[in-house]
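# Survey of secondary and tertiary structure
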Amino acid sequence: MANVLERLPQNVSGDFFVDSTCIDCDTCSQLAPATFRDHGQQCSVYHQPGTAAETKRALMALVACPTGSIGTTEKHDWHIGIAAFPSLIAENVYFCGFTSESSFGAWSYLIIRPENKGGNVLIDSPRFATQLVKRIDAMGGIQRMFLTHRDDVADHELFARRFGCKRIMHADDGARRLGVEQIVESEEELQIDEELIAIPTPGHTRGHMLLLYKKKFLFTGDHLAWSSERETLTAFRSVAWYSWPEQTRSMEKLLHYDFQWILPGHGDMHHDSTQKMHAHLERCVAWMKTRS
Ligand SMILES: [Fe+2]
């Protein structure tokens, strides 16, 4: 729970506030943009929630915040924020909320599928919070866990143990050391089942991988995200831990795939037609080449 004595001066006065423990992961400003904004090195409240819908989004941000940096001076039913997760994005794809500080507030996702399709898939690990675990259990548990890269594994072990699911990860990001059951060794794509394709994309890290679901939903980890500022797809040059030229090459490889959704670990998600996504990806590759 946030400490009102540590309330950041950038907050407007009133009920909701962010305290000095904020790590600037932007989860709150993405989840509740009517209330929170990134004011530079941290986030703060720039507008107090004025409607029930805005209050719900602000409570969701409070629950999702990896560092518990959001607080209120008035009493609220936190259950409103807790029960909202996993939160539906589209069709059978959900955002888990409950981000973890160990993955710098990276977003994780859940695909709900019947058993005959291979069952539910967790993409990267959220915080192992009792309330979330109960909700996931009620939605059918987890049959598979896809780990995009080493930074966003968070509480993978606890989830794997609790749900007995099989984890998939690339060898070059330490999958063996983490005790992962299915280890990808090569740079070739891997058809996991009828609907899921793992696509190795070295760059951000050496063993980074994306997951493509039904040629529609692309879970991109820290390889690729939407930039609301530039209104196109982008990559993060300053955190290309392994190699920016490799990441550019991996990005070019994606031009061979169709997708309509970008669901990243950090940065904004985006939905568009396959054609428009392709055009955005071409722009992104061209831009990356100018930055090497
Ligand atoms: Fe990362």
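Before going into details, it helps to say that this report is about the structure given with it. Just so we're clear, the structure is a prediction, and the values are computed from it rather than from any experiment. (Residues numbered from 1 in each chain as written. Predicted model: local features only at pLDDT ≥ 70, side-chain atom pairs only at ≥ 80, totals over all residues. Heavy atoms only, no water.)

## A closer look at empty space enclosed by the protein
What counts, and what does not: Two kinds of site are reported from a 1 Å grid over the protein atoms alone, namely cavities, where a 1.4 Å probe fits but cannot get out, and pockets, open sets with protein on both sides within 12 Å along at least five of seven lines, and residues are called lining when an atom falls within 4 Å of a point. Grid points are joined across faces, edges and corners, and a volume is the space filled by probe spheres set on the points. Each residue gets one label: Ala, Val, Leu, Ile, Met, Phe, Trp, Tyr, Cys and Pro are nonpolar, Asp, Glu, Lys and Arg are charged, and the others, such as Gly, are polar.
Throughout the structure, instances matching the rule amount to one cavity of 30 Å³ or more. Put simply, the largest cavity is a space of about 90 Å³. Lining the largest cavity are 14 residues, and of these Cys22, Cys25, Cys28, Cys65 and Pro66 lie nearest its centre. Considering only residue class, the lining of the largest cavity consists of 10 nonpolar, three polar and one charged.

## So, the coordination of the iron ion
The condition that has to hold: Donor selection uses N, O and S atoms within 2.8 Å of the metal (3.2 Å for Na, K and Ca). Since no water is included, sites may look incomplete. Under the classification used here, a metal with four donors is tetrahedral if each angle lies between 85 and 135 degrees, square planar if opposite donors are over 155 degrees apart and the others between 65 and 115, a six-donor metal meeting that same test is octahedral, and anything else is irregular. Only DSSP runs of H or I with at least four residues qualify as helices, and only runs of E with at least two residues qualify as strands; both kinds are numbered from the N terminus onward.
The coordination sphere of the iron ion contains the protein donors His149 (NE2), Asp151 (OD), His204 (NE2) and Asp222 (OD), at a distance range of 2.1 to 2.2 Å. Coordination at the iron ion comes from four donor atoms whose angles at the metal span 89 to 162 degrees, giving a geometry best classed as irregular. Motif for the iron ion, donor spacing along one chain: H-x1-D-x52-H-x17-D. Here the residue His204 occupies a position in the loop between β13 (196–200) and β14 (209–213), and Asp222 occupies one in the loop between β15 (217–221) and β16 (225–227), the gap between them amounting to 18 residues.

## Remarks on helix α6 (residues 244–253)
For the record, the criterion: Summary of the burial criterion: residues with accessible area below 20% of their type's maximum are buried, those above 50% are exposed, and those between are partly exposed, where the area comes from a 1.4 Å probe applied to protein chains only. To be clear, the arc concerns the directions from the helix axis to the C-beta atoms. Residue contacts follow a heavy-atom distance rule, with two residues in contact if any of their heavy atoms lie within 4.5 Å. Distance and chemistry together define a polar contact, namely a pair of N or O atoms within 3.5 Å, with one atom able to donate a hydrogen and the other to accept it when in protein, and with adjacent residues in sequence counting only for side-chain atoms on both sides.
Every buried residue of α6 is listed here: Trp244, Gln247, Thr248, Ser250 and Met251. Mapping the buried residues of α6 onto a view down its axis gives an arc of 160 degrees, with all of them on the same face. Against the buried residues of α6 lie α7 (274–290). Between the side-chain oxygen of the N-cap and the backbone nitrogen of Glu246 there are 3.0 Å, and the N-cap of α6 in question is Ser243.

## So, unusual backbone geometry
A cis geometry characterises the amide bond from Phe85 onward to Pro86, with omega recorded as -5 degrees. With respect to the helices and strands, Pro86 occurs in the loop between α3 (79–82) and β5 (87–90). Phi is positive for Lys215, close to 55 degrees, though the residue is something other than glycine. Locating Lys215 in the fold gives a position in the loop between β14 and β15. Looking at Lys215, the relative accessible area reads 58%, which means it is exposed.

## Focus: α7
Think of an α-helix as turning once every 3.6 residues; residues three or four places apart then point the same way. We apply this condition: Here the expected length of a helix is defined as 1.5 Å per residue gap, with one fewer gap than residues.
Over its 17 residues, α7 extends 25 Å from the first C-alpha to the last, a length consistent with the 24 Å expected when each residue adds 1.5 Å. Along α7, the residues classified as buried are Met277, His280, Leu281, Cys284, Val285 and Met288. When α7 is viewed along its axis, its buried side chains cluster within an angular range of 145 degrees and face the same direction. What points out from α7, more than 90 degrees from its buried face, is the exposed set Gln275, Lys276 and Thr290. Elements in contact with the buried residues of α7: β16, β17 (232–234), α6, β18 (261–264) and β19 (270–271).

## Overview of the nonpolar core
Side chains of nonpolar character tend, in soluble globular proteins, to be buried together. So the rule is basically this: Put simply, buried Ala, Val, Leu, Ile, Met, Phe, Trp, Tyr and Cys residues joined by side-chain atoms within 4.5 Å make one nonpolar core.
Grouped together as the largest cluster of nonpolar side chains are 65 residues, with contacts concentrated most on Phe36, Ile70, Phe159 and Phe219. Of the residues forming this core, the biggest block, seven residues, is contributed by helix α2 (residues 52–64). Those residues within four positions of Ile70 in sequence are excluded, and the remaining contacts are Met1, Ala2, Phe16, Phe17, Val18, Cys28, Phe36, Ala61, Leu62 and Cys65. Leu218, Leu224, Leu254 and Met277 belong to the second-largest nonpolar core, a separate cluster that totals 21 residues.

## Re the layout of surface pockets
By volume, the largest pocket amounts to about 920 Å³. Contributions of two or more residues to the lining of the largest pocket are made by α1 (27–31) and β16. Considering only residue class, the lining of the largest pocket consists of seven nonpolar, 11 polar and 10 charged.

## Observations concerning the sheet that holds strand β10 (residues 166–170)
Rule in force here: Paired strands, as defined in this entry, are two strands with at least two bridges between them according to DSSP. Axes here refer to lines fitted to C-alpha atoms; in helices the fit is confined to the stretch in contact. Angles between the N-to-C directions go from 0 to 180 degrees.
Strand order in this open sheet of seven strands is β5-β6-β7-β8-β9-β10-β11, and the pairing throughout is mixed. Taken across any chain shown, the strands that pair with only one partner, and hence form the sheet edges, are β5 and β11 (182–184). Neighbour-to-neighbour, the strand axes of the sheet open up by a mean angle of 25 degrees, direction not taken into account. Judged from the three bridges that link them, β10 and β11 form a sheet pairing that is parallel. By the bridge assignment, His170 is partnered in β11 with Val184.

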